[in-house]
Amino acid sequence: MSDEQSRLAQLRDEIDRLDREILERISARARCAQEVAHAKTVANPDDDVVFYRPEREAQVLRRIKERNPGPLSDEEMARLFREMMSACLALEKPMHIAFLGPEGTFTQAAALKHFGHSVISVPLPAIDAVFREVESGAAQYGVVPVENSTEGMINHTLDMFMASPLKICGEVQLRIHHHLLASADSDPPSIRRIYSHQQSFAQCRKWLDTHWHGIERVAVSSNAEAARRASEEPGTAAIAGDMAAELYGLATMAGTIEDRPDNTTRFLIVGRESVPPSGQDKTSILVSMRNKPGALYHLLAPFHENDISLTRLETRPSPSGTWAYVFYIDFEGHAEDPPVKKVLQTIDGEAVELKHLGSYPVGVL
Ligand SMILES: O=C(O)C(=O)C[C@]1(C(=O)O)C=C[C@@H](O)C=C1
């Protein structure tokens, strides 16, 4: 045996030994999670026990990133622990997560990024159907897109909060990479139609105008539906992501075609319970103000006075009347933090209506 071969054998022995140790430690962690589940059930014998704890998961993942000694990146290490916690949670209680489907959408990718792969993900055809599935208790949580860095807000999601009793329990951001996909035997000159979701067409507009000018663009209900059609109709292509390409066995004619390299979508996790503080949180509210001079100033002044940063301010038409508006505001902090409490009290005194949509951990992954 050469020196290199004996060194390799030695290193593999070391890896085998470490794997045995890791296996034991992961199993010990899983047994601990089972005991946690038991303790939660004993503590709430008459209630619907809440097993998923977003604030605790955020704290665990943040700590892993802070303490990560390398050489694996913080993101890679957090992803490994994400999957481990996902498997532990499934041992406590299998989670049904409703998402804006069908299978293969970016929303499904976001749901799996946030909850890990040990959940049962349930595709639904529309954003309101996701809300209904969670409101009825058929799914514990739902995942819906709320804003894209290129295209702006997804108004349908914002408007759902006006009437829904659901709370926002988390957020997750996903870098969106679009590809031009077609059956492996397709020849580029034979493509006469491209399918995609209208948002994805908008995110790839310049690239399409440059490379596929004059080719018919047909907007469909989702990227995954676009990929399904491209897989069945000769002479067509789809703009969609990796998951849809894999699901429908499509080949990539051109990869990463989004106009902006930082194209990112933010998704919200909706559920039926409020989330306690995690130490690094955000709060979302809906406010309707009386239509009088300085209304927006009066709404925003308390944030400035209490040194609270706004992360998003959107205006939506109010369902209660023409030319009346509702403000959707995201800001840093948790509703239980004293300065946030103070701001919410002040706004409540000024507003026609204030709805607290939820306080939740800032996305970690
Ligand atoms: O700490 C808890 O409450 C747990 O249930 C344990 C655990 C974990 O595996 O660390 C699992 C699921 C929860 O969502 C949070 C954390």
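Rules behind the numbers
Residues numbered from 1 in each chain as written. Predicted model: local features only at pLDDT ≥ 70, side-chain atom pairs only at ≥ 80, totals over all residues. Heavy atoms only, no water. UniProt positions renumbered as here; feature names shortened; annotations may be inferred. Pairing = 2+ DSSP bridges. Helix = DSSP H or I, 4+ residues; strand = E, 2+ residues; numbered from the N terminus. Axes fitted to C-alpha atoms, helices over the stretch in contact; angles between N-to-C directions. Near = heavy atom within 4 Å. Polar contact = N/O pair within 3.5 Å; in protein donor to acceptor, adjacent residues only side chain to side chain. Areas by Shrake-Rupley, 256 points an atom, 1.4 Å probe, with all protein chains shown as cover. Nonpolar A, V, L, I, M, F, W, Y, C, P; charged D, E, K, R; others polar. Phe/Tyr/Trp six-rings, centres within 6.5 Å; stacked < 30°, edge-to-face > 60°. Buried < 20%, exposed > 50% of the residue type's maximum accessible area, 1.4 Å probe, protein only. Contact = heavy atoms within 4.5 Å.

Within an unreviewed UniProt entry, the label attached to the protein chain reads Bifunctional chorismate mutase/prephenate dehydratase, and the organism entered is Tamilnaduibacter salinus. Regarding the protein chain, the relevant UniProt record gives this comment under Function (unreviewed entry): "Catalyzes the Claisen rearrangement of chorismate to prephenate and the decarboxylation/dehydration of prephenate to phenylpyruvate." Regarding the protein chain, the relevant UniProt record gives this comment under Subcellular location (unreviewed entry): "Cytoplasm".

Caption draft 1: Region of interest: the sheet that holds strand 15 (residues 353–361). The four strands lie next to each other as 13-14-12-15, forming an open sheet whose pairing is antiparallel. Two strands bound the open sheet, and with one partner strand each, they are strand 13 (310–317) and strand 15. Across the sheet, the mean angle from the axis of one strand to that of its neighbour is 15 degrees, orientation sign disregarded. In this sheet, strand 14 (residues 325–332) lies alongside strand 13 in antiparallel orientation, the contact comprising seven bridges.

Caption draft 2: Up close: the site of the ligand. Near the ligand you find Arg29, Val36, Lys40, Phe51, Tyr52, Arg53, Arg56, Glu57, Met85, Cys88, Leu89 and Glu92, and these make up its full shell. Contacts to the ligand include Lys40, whose side-chain N or O atom sits 2.8 Å from an oxygen atom. In this structure, Glu92 approaches the ligand through a side-chain N or O atom, which is 2.5 Å from an oxygen atom. Relative to its free-state accessible area of 360 Å², the ligand is covered by the protein chains to the extent of 90%. When residues of the shell around the ligand are traced back to their parent elements, those giving at least two are helix 1 (3–43), helix 2 (54–67) and helix 3 (74–92). Of the residues assigned to the shell around the ligand, the class counts are six nonpolar, no polar and six charged.

Caption draft 3: Just the UniProt feature "domain: Chorismate mutase" (unreviewed entry) in the protein chain, in detail. Mapped onto the present numbering, the UniProt feature "domain: Chorismate mutase" (unreviewed entry) falls on residues 2–96. For the annotated span residues 2–96, helix accounts for 78% and strand for 1% of the residues, and the straight-line distance between the end C-alpha atoms is 54 Å.

Caption draft 4: View of the packing of aromatic side chains. Counted by the stated rule, this structure contains five aromatic pairs. Measuring from centroid to centroid gives 5.2 Å for Phe131 and Phe161, while their planes differ by 75 degrees, and the two rings are edge-to-face. Within this pair, whereas Phe131 is found in helix 5 (residues 127–135), its partner Phe161 is found in helix 6 (residues 155–163), the two being separated by 30 residues in sequence. Look at Phe161 and you get buried, because its relative accessible area is 0%. The rings of Tyr52, Phe115 and Tyr141 are connected pair by pair, giving a single aromatic cluster.

Caption draft 5: Quick look at the environment of Val122. If you trace the backbone, Val122 turns up in strand 2 (residues 120–124). Separated by 24 residues in the primary sequence, Val122 and Ala98 have C-alpha atoms spaced 4.6 Å apart. Sequence-distant contacts of Val122, that is, excluding residues within four places in its chain, are made with His96, Ile97, Ala98, Phe99 and Glu133.

Caption draft 6: Just helix 4 (residues 106–115), in detail. The element helix 4 is largely enclosed, with a buried count of eight among its 10 residues. Taken residue by residue, helix 4 has Phe106, Thr107, Gln108, Ala110, Ala111, Leu112, His114 and Phe115 as its buried positions. Phi for Gly116, located one or two positions after helix 4, is positive at around 80 degrees.

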